[in-house]
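Per-entry structural report
The lines below spell out each chain.
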Amino acid sequence: MDITILAIESSCDETSASVIQNGKVLNNIVATQSVHEKYGGVVPELASRAHQQHIIPVVDQALSLANIKKKDLNAVAFTQGPGLLGALLVGSSFAKSMASALKIPLIGVNHMQAHILAHFIEDPKPSFPFLCLTVSGGHTQIVKVNDYLDMEILGETKDDAVGEAFDKIAKIIGLPYPGGPMIDKYAKEGNPEAFSFPETEMPGLNYSFSGIKTAVLYFLQNHHQKDENFVKDNLNDICASVQHRLITTLLQKLKKAAKQTGINQIAIAGGVSANSHLREQLNTLGQKLNWEIFIPKFEYCTDNAGMIAMAAHFKYLKEDFENINAAPKPRM
Ligand code: KG4
Ligand code: ZN
């Protein structure tokens, strides 16, 4: 018998649905919310409203593209957390109603675990154990992945996530939201060693990214006083230098984690894994240290329901189901 699951992602500002059959992701429909651009960040209330508008068309499209009828589904999965409460509520309420109407199991998925399990959507797939640097707008973690649903956090940020640092620094520079991809774009034409920014020393495998944001702010204010065109004239170099600082910090700890654990299968996941400098530097480091590197396809780096579907498949096999009273967990 086929195992067919519908998965829904609504933790932040993408409404997404995906159908997975027997562990193969059949599609991954994503509706991006452009409403936040003019506010320079995600506005939770607007995110919830946009999820409400998008969720039915997105689910309908995923089902019809996969040629799956609702009665063919074996389970409905949703992102249970972490994320914005109002946004999570839209996806969870929808999934619960559907599972309850169809009398099929409900599966709650941890969004960060799903980012990691995105590596099992397509080949090449890592084998266990492997290390995953999980870098998004809300998280920065080095995770030891022992099995599909058995993961240990070895280190994490104690303040801002690296994606948050990218976005906040981009805002200081005057770039539109989301700033991470904008910094990446301008950095391509810049010199990563043009300016140097300090690094906050952190014990063990932990990170801190709030200091660099303040350092960039003072640096730009200082230069602006002397030359009001400073940012405009040096945009590429500023972006390249900021990006280089952030990525170097990420990789230093990852290197330490690989050494400590003796693991040489290294993966990256989450929105910031779309960053071209991270991809390049990781490949270079990997060649030098004999690592086997795993980088997800661009589509599965940023928020998507394909990864939620993949996680749901593994949970289905273990019969790890949620009760119909399951609540969203913003800080899961
Ligand atoms: O995983 P994700 O889509 O959403 C969260 O779960 O947070 O990650 C979004 C984050 C944002 O901070 C965004 O600026 C960052 O990923 N991001 C990038 C790039 N693409 C997305 N950061 C740097 N370079 C990129 N190319
Ligand atoms: Zn995410």
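Per chain, the residues get numbers from 1 upward, laid out in the order the sequence is written. The lettering of chains begins at A and the numbering of ligands begins at 1, in the order of writing. A pLDDT threshold of at least 70 governs which residues receive local features in this predicted model, and a stricter bar of 80 or more applies before side-chain atom pairs are shown or counted, although totals over entire chains, interfaces and linings include all residues.

Right, let's get into the UniProt feature "binding site: Fe cation" (unreviewed entry) in the chain. UniProt positions are given in the numbering used here, feature names are shortened, and annotations may be inferred rather than shown by experiment. Under the present numbering, the feature "binding site: Fe cation" (unreviewed entry) in UniProt falls on H111, H115 and D303. Taken along the chain, the residues just named run across 193 residues; in space they keep tight, none of their C-alpha pairs more than 8.8 Å apart. Numbering of helices and strands runs from the N terminus; a helix is a DSSP stretch of H or I covering at least four residues, while a strand is a stretch of E covering at least two. You can see H111 is positioned in helix α3 (residues 111-117). Two residues qualify as a contact pair if the distance between their C-beta atoms, derived from the backbone, is within 7 Å. If we skip the residues at most four places from it in the chain, H111 touches S11, T79, G81, P82 and G83. Among all residues touching H115, those that are not within four sequence positions of it are T134, S136, A269, G270 and M307.

Moving on to the domain arrangement of the chain. An automatic or database domain assignment is the source of the domain bounds shown. With domains assigned, the chain is organised as domain 1 (4-116 + 301-317) and domain 2 (124-296). Its C-alpha centre places domain 1 at a distance of 27 Å from the equivalent point of domain 2. Taken together, the contact pairs 15 residues of domain 1 with 20 residues of domain 2. Broken down by secondary-structure element, the contributors of at least two residues to the side of domain 1 that touches domain 2 are α3 and α9 (305-317). Broken down by element, the side of domain 1 that touches domain 2 gets its largest block of residues, four residues, from α3.

Take the site of ligand 1 next. As a rule, any residue with its backbone-derived C-beta atom within 6 Å of a molecule or strand is reported as near that molecule or strand. Around ligand 1 there are 19 residues in total, and G137, G163, G180, G271 and N275 lie nearest to it. Listing elements by their share of the shell around ligand 1, those giving two or more residues are α4 (162-173) and α5 (179-187). A per-element tally of the shell around ligand 1 places α5 first, with four residues. Of the residues in the shell around ligand 1, the class split is six nonpolar, ten polar and three charged. The classification used treats Ala, Val, Leu, Ile, Met, Phe, Trp, Tyr, Cys and Pro as nonpolar, Asp, Glu, Lys and Arg as charged, and all other residues, Gly among them, as polar.

A few words now on the nonpolar core. The term nonpolar core refers to a group of buried residues, namely Ala, Val, Leu, Ile, Met, Phe, Trp, Tyr and Cys, whose C-beta atoms join them within 7 Å. Counting other C-beta atoms within 10 Å of a residue's own tells you its class, since 20 or more makes it buried, 12 or fewer makes it exposed, and anything in between is partly exposed; those C-beta atoms are placed from the backbone. Grouped together as the largest cluster of nonpolar side chains are 88 residues, with contacts concentrated most on A7, A77, I308, A309 and A312. Ranked by residues supplied to this core, first place goes to helix α7 (residues 230-261) with nine residues. The residues contacting I308, other than those within four sequence positions of it, are A7, I8, E9, S18, A77, T79, V109 and A114.

Checked against the element boundaries, A327 lands in the segment after α9. By C-beta crowding, A327 is classed as partly exposed, having 14 other C-beta atoms within 10 Å. Each C-alpha atom, one on A327 and one on L6, is 19 Å from the other, the two residues being 321 residues apart in sequence.

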